[in-house]
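Survey of secondary and tertiary structure
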Amino acid sequence: MLVLGIESSCDETGVALYHSHKGLLAEALHSQIDLHRLYGGVVPELASRDHIRKTLPLIHAVLEQAACRGSDVDGIAYTAGPGLAGALLVGGAIARALGFAWEVPVLGVHHMEGHLLAPLMSEPRPAFPFVALLVSGGHTQLVAVAGIGAYKLLGESLDDAAGEAFDKVAKMLNLPYPGGPQVAALAERGTAGRFEFPRPMINRPGLDFSFSGLKTYVLNTVNAHGGQGALDAQTRADIARAFEDAVVSTLVIKCRRALEYTGCKRLLIAGGVSANTRLRAALEKMTRAADASLYCPALRFCSDNGAMIAFAGCQRLLAGQHDDLGIVVRPRWNLETLLPVQPTGAASLTPCAGTP
Ligand code: KG4
Ligand code: ZN
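1. With respect to helix α5 (residues 162-172)
Those residues of α5 that sit buried are A162, G163, A165, F166, V169, A170 and M172. Those residues of α5 that are buried are in contact with β6 (130-135), β7 (140-147), α6 (179-187), α7 (212-224) and α8 (233-262). Just downstream of α5, N174 is the residue with a positive phi angle, here 60°.

2. What about the layout of surface pockets?
Each pocket or cavity is described by its volume, and for the second largest pocket that value is around 270 Å³. As for the second largest pocket, its lining consists of 17 residues, of which L107, G108, D323, R330 and W333 are closest to the centre. By residue number, the principal contributor to the lining of the second largest pocket is strand β5 (residues 106-110), which donates four residues. Looking at the lining of the second largest pocket residue by residue, the class counts come to seven nonpolar, five polar and five charged.

3. As for the domain arrangement of the protein
Domain boundaries assigned for the protein yield domain 1 (2-117 + 301-348) and domain 2 (126-296). Each partner contributes residues to the interface: domain 1 has 27 residues there, and domain 2 has 30 residues. Buried area between domain 1 and domain 2, summed over both chains or domains, comes out near 2,200 Å², and the portion from carbon and sulfur atoms is 66%. For the domain 1 face of the interface with domain 2, the top three residues by lost area are M112, L116 and C302, together amounting to 29%. Run the count over domain 1 and domain 2 and you get zero salt bridges. Only α1 (33-37), α4 (111-117) and α10 (306-318) provide two or more residues apiece to the side of domain 1 that touches domain 2. At five residues, α4 tops the list of elements feeding residues into the side of domain 1 that touches domain 2. Among the residues forming the side of domain 1 that touches domain 2, the class breakdown is 13 nonpolar, nine polar and five charged.

Definitions and cut-offs
The residue count restarts for each chain, going from 1 along the sequence in the order it is written. As a convention, the first chain written is A and the first ligand written is 1, with the rest following in written order. For this predicted model, a pLDDT threshold of at least 70 governs which residues receive local features, and a threshold of 80 or more governs which side-chain atom pairs are given and counted, while totals over whole chains, interfaces and linings are taken from all residues. Excluded from the side-chain calculations are hydrogens and water; all other atoms, namely the structure's heavy atoms, are used. Residue burial is assigned from relative accessible area. The probe radius is 1.4 Å, only protein chains are included, and a residue is buried under 20% of its type maximum, exposed over 50%, and partly exposed in between. Only runs of H or I of at least four residues qualify as helices and only runs of E of at least two qualify as strands under DSSP, and these elements are numbered from the N terminus. Should any heavy atoms of two residues lie within 4.5 Å, those residues are considered in contact. Residues are called lining when one of their atoms sits within 4 Å of a cavity or pocket point, these points coming from a 1 Å grid over the protein atoms alone, where a cavity is a set in which a 1.4 Å probe fits but cannot get out and a pocket is an open set with protein on both sides within 12 Å along at least five of seven lines. Grid points are joined across faces, edges and corners, and a volume is the space filled by probe spheres set on the points. The residue classification treats Ala, Val, Leu, Ile, Met, Phe, Trp, Tyr, Cys and Pro as nonpolar and Asp, Glu, Lys and Arg as charged. All others, Gly included, are polar. For the domain bounds, the source is a domain assignment made automatically or taken from a database. Accessible area that two parts lose when put together, with a 1.4 Å probe and added across both, is what the buried area reports. Salt bridge, as used here: a side-chain nitrogen of Lys or Arg that lies within 4 Å of a carboxyl oxygen of Asp or Glu.

Printed below as a string of structure tokens:
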């Protein structure tokens, strides 16, 4: 089955063709970074308009790359949510119109399921069940995954997502949008241990996160050193390093706890922040010590892309799932409400006794 995937939930237009036997045939991505940089963050209306301009040309490009025609496509998957309503509607309307023209089924995919399944596009693939840490600009979630569509939320951020905290700290340090990779690069020049920032919520039971207090702590530290304009280069880098270390060790502690709680020996990470080198290294160390395995997406599939939507959509379309003729978008959408795709083996994920 050949599936066209369309991602347009935020500031990236991603399009891809995924074949159920041959794998990923073609992909194209347009980033809106230059468009939004001037404003220091994503402007929803500008995002929607740019998706309108870019989606069809990118679809033509992937068809050409794969030497396919529209009539070769067997199904279309688009991101139906969560995300910006206007941006989602662009992908949804184009997907629905092409589905009507090509007479093929169309399916709205959950953006975070796209992220979650992205590591399954390449070897080594984790067997089910596994624990997933989803870390993006909008979400920080720990999920017990018994199968495709069989998701149980173990914990999530009660306020800012990890990526959002990276982006806000970038602004405090006068770094351009999007801030995550910039903070990480600056942290490379920082001295570990000069500042010690709190690890939020590690002393409380449970698997929830909170990053907004840490963000305030960073702001107070910046102000205590005379404010953004007065920071010397080394202090800026040291603050970036302390912030990154605090986020990374908080995520590692909660992941270890989630593995212990579920008794599971497989941890998968996905979403934009999963590109972070220090996070990957720390999780690799933790999983090795716990006799567990870590699964990461290829770097180009960490942040938003069309391939993950084509892949996730392909799994569901193969199982016979598709939507009816409406253009459905869900700016807010609970991952736990998705339909399962195959027998789940949920029993094997029964948590161990006690609270996490
Ligand atoms: O998954 P994603 O592309 O979009 C959402 O679904 O939100 O994630 C984007 C987030 C942004 O907050 C960005 O700053 C962060 O991922 N990010 C990183 C890194 N690369 C991207 N954060 C930390 N370190 C990185 N290397
Ligand atoms: Zn995303």
